[in-house]
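Observations on chain architecture
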Amino acid sequence: MLVLKRNQLSSEDLIKAEHVARKVAGGKINELGLDFNVWKWTRPELYGIIVGVFSQLGLLHVLGVSQSQLLDFIVDIDRGYLDSPYHSFLHAADVFIVGYNLINYSHVRSYLIDLDLIALLIGALCHDIGHPGLNNLYQVNAKTEVAQRYKNESVLEKLSCEETLKLLTKHDLLKSVRSKSKVEIHECEQSVYVQNAILKCIMSTDMSVHFGLIEQFTTVVDILTISPTCDEFPTENQAAANDHCPLPQSEHRQIICNVLLHAADISNTVRPWELCKRWSDVILDEFFYQGDMEKLHHLPVSPNMDREHSNQTDISLKFGDFVVKPFFEVLADFCTEVQPLLTNLCENRARWLTLGNTEPPRRSPLTSSNARRLSVPAGTLDIPDYPSLPSVLRRHSTDVQRKPRRHHLLSSIEFARTAGEGSRSGSISIPPAISEVDSEDECEEKLIHIQVENATRRSNRRAFSLDHTLILAKKKRFDEAVCAPSTLHEVTSELENHS
Ligand SMILES: [Zn+2]
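The structure presented is a predicted model; accordingly, all values stated were derived computationally and were not measured. (Residues numbered from 1 in each chain as written. Predicted model: local features only at pLDDT ≥ 70, side-chain atom pairs only at ≥ 80, totals over all residues. Heavy atoms only, no water.)

Some remarks on the packing of helix α13 (residues 250-265) against helix α15 (residues 312-334)
Let me state the cut-off plainly: Axis angles are defined between N-to-C directions and span 0 to 180 degrees, where every axis is a line fitted to C-alpha atoms and, for a helix, only to the segment in contact. Every helix listed is a DSSP run of H or I at least four residues long, and every strand listed is a run of E at least two residues long, numbered separately from the N terminus. Reported orientations rely on four angle classes, namely roughly parallel under 35 degrees, roughly antiparallel over 145, roughly perpendicular from 65 to 115, and oblique for the rest. For any pair of crossing helices, the crossing counts as left-handed if the nearer helix is rotated counterclockwise from the farther one by less than a right angle, and right-handed if it is rotated clockwise. Whether two residues touch is decided by their heavy atoms; if any such pair falls within 4.5 Å, the residues are in contact. Think of it as three bins: nonpolar holds Ala, Val, Leu, Ile, Met, Phe, Trp, Tyr, Cys and Pro, charged holds Asp, Glu, Lys and Arg, and polar takes everything else, Gly as well.
Two numbers describe how α13 lies on α15: the axes approach to 11 Å, and their chain directions differ by 135 degrees. In terms of their interaxial angle, α13 and α15 are classed as oblique. In the packing of α13 onto α15, the handedness of the crossing is left-handed. Across the interface between the two elements, Val-259, Leu-260, His-262 and Ala-263 of α13 pack against Phe-327, Phe-328 and Leu-331 of α15. Of the residues in the contact of α13 with α15, the class split is 6 nonpolar, 1 polar and no charged.

Focus: the coordination of the zinc ion
For clarity, the cut-off: Metal coordination here is assigned from N, O and S atoms located within 2.8 Å of the ion, or within 3.2 Å for Na, K and Ca; omission of water means that sites may look incomplete. Geometry is assigned from the angles between donors: four donors with all angles from 85 to 135 degrees make a tetrahedral site, four or six donors whose opposite pairs exceed 155 degrees while the rest stay between 65 and 115 make square planar or octahedral sites respectively, and everything else is labelled irregular. Any residue under 20% of the maximum accessible area for its type is buried, any over 50% is exposed, and the rest in between are partly exposed; the area is computed with a 1.4 Å probe on protein chains only.
For the zinc ion, the protein coordination sphere consists of His-91 (NE2), His-127 (NE2), Asp-128 (OD) and Asp-265 (OD), at 2.0 to 2.2 Å. Geometry at the zinc ion is irregular, judged from its 4 donor atoms and the angles of 84 to 172 degrees they form at the metal. Every donor residue of the zinc ion comes from the same chain, spaced as H-x35-H-D-x136-D. Each member of the pair, His-127 together with Asp-128, is buried.

Description of the packing of helix α4 (residues 67-80) against helix α9 (residues 155-170)
Relative to each other, α4 and α9 sit at 155 degrees, their axes nearing to 10 Å. Classified by the angle their axes make, α4 and α9 are roughly antiparallel. The handedness of the crossing between α4 and α9 is right-handed. Residues Phe-73, Asp-76 and Ile-77 of α4 form the contact with α9, whose participating residues are Leu-167, Leu-168 and Lys-170. For the contact of α4 with α9, the per-class residue count stands at 4 nonpolar, no polar and 2 charged.

Comments concerning the nonpolar core
Let me state the cut-off plainly: For the purposes of this section, nonpolar cores are sets of buried Ala, Val, Leu, Ile, Met, Phe, Trp, Tyr and Cys residues that join through side-chain atoms within 4.5 Å.
Ranked by internal contacts, the top residues of the largest apolar core, which has 121 residues, are Ile-49, Val-53, Phe-54 and Phe-328. Apart from residues no more than four positions distant in its own chain, Phe-54 is found in contact with Leu-59, Leu-60, Leu-63, Leu-70, Phe-96, Leu-121, Ile-122 and Leu-125. Membership of the second largest hydrophobic core comes to 6 residues, among which are Val-146, Tyr-150, Leu-156 and Leu-159.

Details of α15
To keep things clear, this is the line we draw: In this analysis, the expected span of each helix is defined as 1.5 Å times one less than the number of residues it contains. Think of it this way: the bend at a residue is just the angle between two axes, each fitted to seven residues, one set ending at that residue and the other starting at it. Polar contacts, as used here, are pairs of N or O atoms within 3.5 Å; protein pairs need one atom able to donate a hydrogen and one able to accept it. Residues neighboring in sequence count only if both atoms are side-chain atoms.
Helix length check: α15 (23 residues) gives 32 Å between terminal C-alpha atoms against 33 Å at 1.5 Å per residue, within 8%. In the structure, α15 departs most strongly from a straight axis at Val-324, where the bend amounts to approximately 40 degrees and where the proline Pro-326 lies between one and four residues downstream. With 22 of 23 residues buried, α15 lies mostly within the body of the structure. Capping the start of α15, Asn-311 holds a side-chain oxygen 3.2 Å from the backbone nitrogen of Thr-313, two or three residues further along.

Section: helix α16 (residues 339-355)
With 17 residues, α16 should reach 24 Å at 1.5 Å per residue; the first-to-last C-alpha distance of 25 Å fits that figure. Those residues of α16 that sit buried are Leu-341, Leu-342, Asn-344, Leu-345, Cys-346, Asn-348, Arg-349 and Trp-352. Packing partners of the buried residues in α16 comprise α14 (273-296) and α15.

A look at the environment of Asp-292
One can find Asp-292 in helix α14. A C-alpha to C-alpha distance of 8.0 Å links Asp-292 and Arg-307, two positions 15 residues apart in sequence.

Quick look at the side chain of Ser-154
Mapped onto the elements, Ser-154 comes out in the loop between α8 (145-149) and α9. Separated by 2.5 Å, the side chains of Ser-154 and Asp-206 make a polar contact. When sequence neighbours within four positions are dropped, the list of residues in contact with Ser-154 reads Asn-136, Met-203 and Asp-206.

Topic: the side chain of His-262
By the secondary structure assignment, His-262 is in helix α13. The contact partners of His-262, leaving out residues within four places of it in the chain, are Ser-204, Thr-205, Met-207, His-210, Leu-213 and Phe-327.

Considering the pattern of salt bridges
The test is simple: Only one rule defines a salt bridge in this text: a Lys or Arg side-chain nitrogen within 4 Å of an Asp or Glu carboxyl oxygen.
On inspection of all chains with the given rule, the structure shows 16 salt bridges. Here Arg-271 and Asp-94 are joined by a salt bridge, their closest N and O atoms 2.9 Å apart. Highlighted residues: Arg-271 in the loop between α13 and α14 and Asp-94 in helix α5 (residues 89-104), separated in sequence by 177 residues. For the pair Arg-271 and Asp-94, a shared accessibility class is recorded, and that class is buried. Two residues, Glu-162 and Arg-149, come together in a salt bridge whose shortest N-O distance is 3.4 Å. Pair noted here: Glu-162 is in helix α9 and Arg-149 is in helix α8, with a separation of 13 residues, a long-range link. The structure contains a network of salt bridges with shared partners spanning Glu-145, Arg-149, Glu-162, Glu-163 and Lys-166.

Focus: a nonpolar patch on the surface
Cut-off, in case you're wondering: Each patch is built from salt-bridge-free residues with over 30% relative accessible area, joining like charges within 9 Å and nonpolar side chains (Val, Leu, Ile, Met, Phe, Trp, Tyr) within 5 Å. For accessible areas, the Shrake-Rupley method is used with a probe of radius 1.4 Å. Any residue's cover is judged against the shown protein chains and nothing else.
Together, Met-1, Val-3 and Ile-15 make up a nonpolar patch on the protein surface, roughly 320 Å² of accessible area in all. Positionally, Val-3 belongs in the segment before α1 (11-25).

Structural notes on the UniProt feature "active site" (unreviewed entry) in the chain
Our working rule: UniProt positions are given in the numbering used here, feature names are shortened, and annotations may be inferred rather than shown by experiment.
UniProt marks His-87 with the feature "active site" (unreviewed entry), using the numbering shown here. You can see His-87 is positioned in the loop between α4 and α5. For His-87, a relative accessible area of 3% puts it in the buried group. Excluding its chain neighbours within four sequence positions, the residues that come into contact with His-87 are Tyr-81, Leu-82, Asp-128, His-131, Ile-283, Glu-286 and Pro-377. Here the side chain of His-87 touches Glu-286 through a polar contact of 2.5 Å, side chain to side chain.

Considering the packing of aromatic side chains
The description of an aromatic ring pair rests on the distance of the ring centres and on the angle between the ring planes. Formally: Any Phe, Tyr or Trp ring, taking Trp's six-membered ring, that has another such ring centre within 6.5 Å forms a pair; planes under 30 degrees apart are called stacked, those over 60 apart edge-to-face, and the others tilted.
Under the criterion given, the structure shown has 10 aromatic pairs. Taking the centre distance of 4.4 Å and the plane angle of 45 degrees together, the rings of Trp-39 and Trp-279 count as tilted. On the criterion of sequence distance, the pair formed by Trp-39 in the loop between α1 and α2 (43-56) and Trp-279 in helix α14 is long-range, its members being 240 residues apart. On the accessibility criterion, Trp-39 (24% relative accessible area) is partly exposed. These aromatic residues form a ring-pair network of at least three members: Trp-39, Tyr-86 and Trp-279.

Regarding unusual backbone geometry
If you check the backbone angles, Lys-143 has positive phi at about 50 degrees while not being a glycine. Tracing the sequence through the fold places Lys-143 in the loop between α7 (136-141) and α8. When its relative accessible area of 61% is taken as the criterion, Lys-143 is described as exposed. Located in the positive-phi region is Asp-172, a residue other than glycine, with phi close to 50 degrees.

Shown next as structure tokens:
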């Protein structure tokens, strides 16, 4: 029977938590995949799931704590979360389960040591603790006490780090950490190692480091492609021999943990549609609440947060196109197990478009200046224009040798550019998300829209079905013509016939 020292749960709740923990530890619950739905579980059941995951991965043993001690810590984490529509303990539990999936069902785990897994999972649980439902931009603009305390930088992430440290200390959670792995870390340094790794994981959830994280990750991936595997080391276990060795450099393992946590944190749009939509509903509540507060206090209203001028589909598509897709594509290059998530993203995109209450994502209201600002669930992101994108994304976008199908697409864009310029004066710009299309297969009809923009009529752009696009093309109204990669050929032929 679980017993708590610092918190109180009813005996009924303790029994429920223990029951679920035992089932999860024994691998007897099948609902912990990427279709995990936090709303289907009671609080004690969620606690039990988290405890059970630690047991199942053998991490309770590494931590040197009992199930009761871990449960006590988890209940306190829950109490550290406020009742925000999105940034609540439910989001933490969701990110935890996605993080668990990323390490448990991919080969990535073999590059890490147990201490990294602990850091990643505790980081997932604690990464938004104390979040008030008003993001960093609000904190800075409103000159809140917490913004001043952290000098306007990564305000809420630093707040979460501080709260996490308090709880780790209160529960002595890392005091008895002991891990044996191929990467030697002296026993007396293991506790500090995990604590620092947790804090670095939490700091990496700040959207301001989003692009930097991708750069760092590609560096690690480059190293992995030339590093030896465990095949080259004598081992008693053949299964283990086929595994990879943990990366010897702690900085590299940390980058992998940071990337996995950030991926989990922005994973709403790559989940099955019902979950994608529901998380979008709650983030919208939180965004519009912030917008209301900004109006109330005469602050600039953050992007996507004005309930009178924003809509859900537009916000979701921008988030998927500009933030999630490029990030998961880089991750999928390294970790092929992630590929189905990109398929989900494409399918969800189609679902959003069928809702039909918006135009596809486009530059407007993003400005034509160097930076475009986007509010996303994890914070605010400044998106550089295509030429300013990190080199990894540019490389990813234009590597036509490696992915030949892109060539057709890029040629088509080039044709559209020529056709547009030939018929009207004005510039044509291709948003980064469009340039990064990997293949026509993954983008079914109407999933990714190619925008042929004309500087003279930018405000008049609309999304159209293929039929509409063909009509527009025939009329040479290139500034309004929009189509999907899979229909580009058809559209460009139409353009050729009528040019
Ligand atoms: Zn988060």
